[in-house]
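Now for the letters of each chain:
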Amino acid sequence: MKEKALGLLIGILLTAIMLFTPINVVNAADPIVTNSTSNSTVTTSTDSKSTVRTNPPSAISPSINASNSDLCMVGVSGAVQTQILGISTGQAYSDENCMRLKNAKVLYDMGMKVAAVALMCQTRSVFDAMKFAGTPCPINNPVTGEGLIGQEATAEWRLNPKKIPPKPPASNMNRGVFLEKLVSGILGVILLAVLVI
């Protein structure tokens, strides 16, 4: 029985402790208030790259009208354009042989046949053709200043061979001109490559 009394005493003691121990009751309706202070510093660093791809402005070659058949001009033009720089150029060249043919035709049409032949004889190919045909080109007499034709012209040509038109060179370009054009071409290609890069 002693054990029962001891168990009862412990039970009463525990019940008393539980009844008299304060219990905090938290109601759901009560808000939770938290006071806090925070300081923050934000540092943002961005690297951005924008690539705008547009067509570059055009380098337009100058137009050189060579469609008129009455002109003895040849037009040459060209242009190069990169994203940075554009270059264009153009030039007109006169064709000496074309001008000689037109002038000879005008002289012939005006009835000045000997003058037309004399003009055409300024080229070696025409001079040789006239000689082979047995009709030598007209020539001036250095003493009288008169034009000579036929046998008199043949005799004067024999006396003055320095007046015969020179033969054209076998190639149109001598070594110096060739090297100049080669160097300028190479420099042009290098400049174009630098501009493209």
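Every value quoted in this text rests on a predicted model; they were computed, and no experiment measured them.

Caption draft 1: Representation of the overall build of the chain within the structure. In terms of helices and strands, the chain carries 6 helices and 4 strands. From first element to last, N terminus to C terminus, the chain shows the α and β order α-β-β-α-α-α-β-β-α-α. When burial is assessed residue by residue, the chain has 12% of its 197 residues classed as buried. Once local pairs closer than 6 in sequence are excluded, the contacts in the chain between residues at least 24 apart make up 30%. Working note: accessible area of the chain is about 17,100 Å², and carbon and sulfur atoms make up 61% of it.

Caption draft 2: Representation of the nonpolar core in the model. Cys121, Phe127, Cys137, Ile139, Leu148, Ala153 and Trp157 together form the largest nonpolar core, which totals 7 residues. The residues contacting Leu148, other than those within four sequence positions of it, are Pro138, Ile139, Asn141, Ala153 and Glu156.

Caption draft 3: The arrangement of the state of the cysteines in detail. As enumerated under the stated definition, the model contains 2 disulfides in all. In this model Cys72 forms its disulfide with Cys98; the gap between the sulfur atoms is 2.2 Å. Judged by the sign of its S-S torsion, about -65 degrees, the bond between Cys72 and Cys98 is left-handed. Placement of Cys72 in the loop between helix H1 (2–20) and strand E1 (73–81) and of Cys98 in helix H2 (residues 96–109) is noted, with a sequence separation of 26 residues between them. The exposure class of Cys72 is buried, given its relative accessible area of 8%.

Caption draft 4: Looking closely at helix H5 (residues 151–159). Within the span of H5, buried status applies to Ala153, Thr154, Glu156 and Trp157. The buried residues of H5 all sit within an arc of 165 degrees when viewed along its axis, so they share a single face. In H5, the exposed positions that point more than 90 degrees away from the buried face belong to Gln151, Glu152, Arg158 and Leu159. If you follow the buried residues of H5, they end up packed against helix H4 (124–132), strand E3 (139–140) and strand E4 (147–148).

Caption draft 5: Region of interest: the environment of Tyr108. By secondary structure assignment, the location of Tyr108 is in helix H2. Aside from chain neighbours lying at most four places away, what touches Tyr108 is Lys113 and Ala116.

Caption draft 6: Layout of the environment of Leu119. Locating Leu119 in the fold gives a position in helix H3 (residues 113–120). The class for Leu119 is buried, based on a relative accessible area of 18%. Residues Leu119 and Ala104, spaced 15 residues apart in sequence, show a C-alpha to C-alpha distance of 6.2 Å.

Caption draft 7: Expanded view of the pairing of E1. One ladder, built from 9 bridges, connects E1 with strand E2 (residues 86–94); its direction is antiparallel. Bridge assignment links Ser77 to a residue of E2, and that residue is Gly90. The antiparallel pairing of E1 with E2 creates a hairpin that spans 4 residues between the two strands.

Caption draft 8: Quick peek at the packing of H2 against H3. Interhelical geometry of H2 versus H3 gives an angle of 165 degrees and a closest axis separation of 7 Å. Between H2 and H3, the angle falls in the class roughly antiparallel. Seen from above, H2 lies across H3 with left-handed handedness. For the pair H2 and H3, contact is made by Arg100, Leu101, Asn103, Ala104, Leu107 and Tyr108 and by Lys113, Ala115, Ala116, Leu119 and Met120, respectively. By residue class, the composition of the contact of H2 with H3 is 8 nonpolar, 1 polar and 2 charged.

Caption draft 9: Layout of the side chain of Arg100. Within the secondary structure, Arg100 is located in helix H2. An unpaired buried charge is present at Arg100: no salt bridge exists, and Glu96, the closest side chain of opposite charge, is 5.5 Å distant. Ignoring anything within four residues of it in the chain, the contact list for Arg100 reads Leu119, Met120, Gln122 and Thr123.

Caption draft 10: Spotlight on the pattern of salt bridges. Applying the stated criterion to the full structure yields 2 salt bridges. Lys105 is the salt-bridge partner of Asp109, the closest N and O atoms lying 2.8 Å from each other. Of this pair, Asp109 and Lys105 both sit in helix H2, separated by 4 residues, roughly a single helical turn. The residues Asp109 and Lys105 share a single accessibility class, namely exposed. One salt bridge in this structure joins Asp128 and Arg124, with 3.0 Å as the shortest N-O distance. Highlighted residues: Asp128 and Arg124, both in helix H4, separated by 4 residues, approximately one helical turn.

Conventions used here
Residues numbered from 1 in each chain as written. Predicted model: local features only at pLDDT ≥ 70, side-chain atom pairs only at ≥ 80, totals over all residues. Heavy atoms only, no water. Helix = DSSP H or I, 4+ residues; strand = E, 2+ residues; numbered from the N terminus. Buried < 20%, exposed > 50% of the residue type's maximum accessible area, 1.4 Å probe, protein only. Contact = heavy atoms within 4.5 Å. Areas by Shrake-Rupley, 256 points an atom, 1.4 Å probe, with all protein chains shown as cover. Core = buried A, V, L, I, M, F, W, Y, C linked by side-chain atoms within 4.5 Å. Disulfide = S-S within 2.5 Å. Arc of directions from axis to C-beta. Pairing = 2+ DSSP bridges. Axes fitted to C-alpha atoms, helices over the stretch in contact; angles between N-to-C directions. Parallel < 35°, antiparallel > 145°, perpendicular 65-115°, else oblique. Left-handed = near helix turned anticlockwise from the far one by under 90°. Nonpolar A, V, L, I, M, F, W, Y, C, P; charged D, E, K, R; others polar. Lys, Arg positive; Asp, Glu negative; His and termini not counted. Salt bridge = Lys/Arg side-chain N within 4 Å of Asp/Glu carboxyl O.

No statement about biological role is implied by the geometric values presented.
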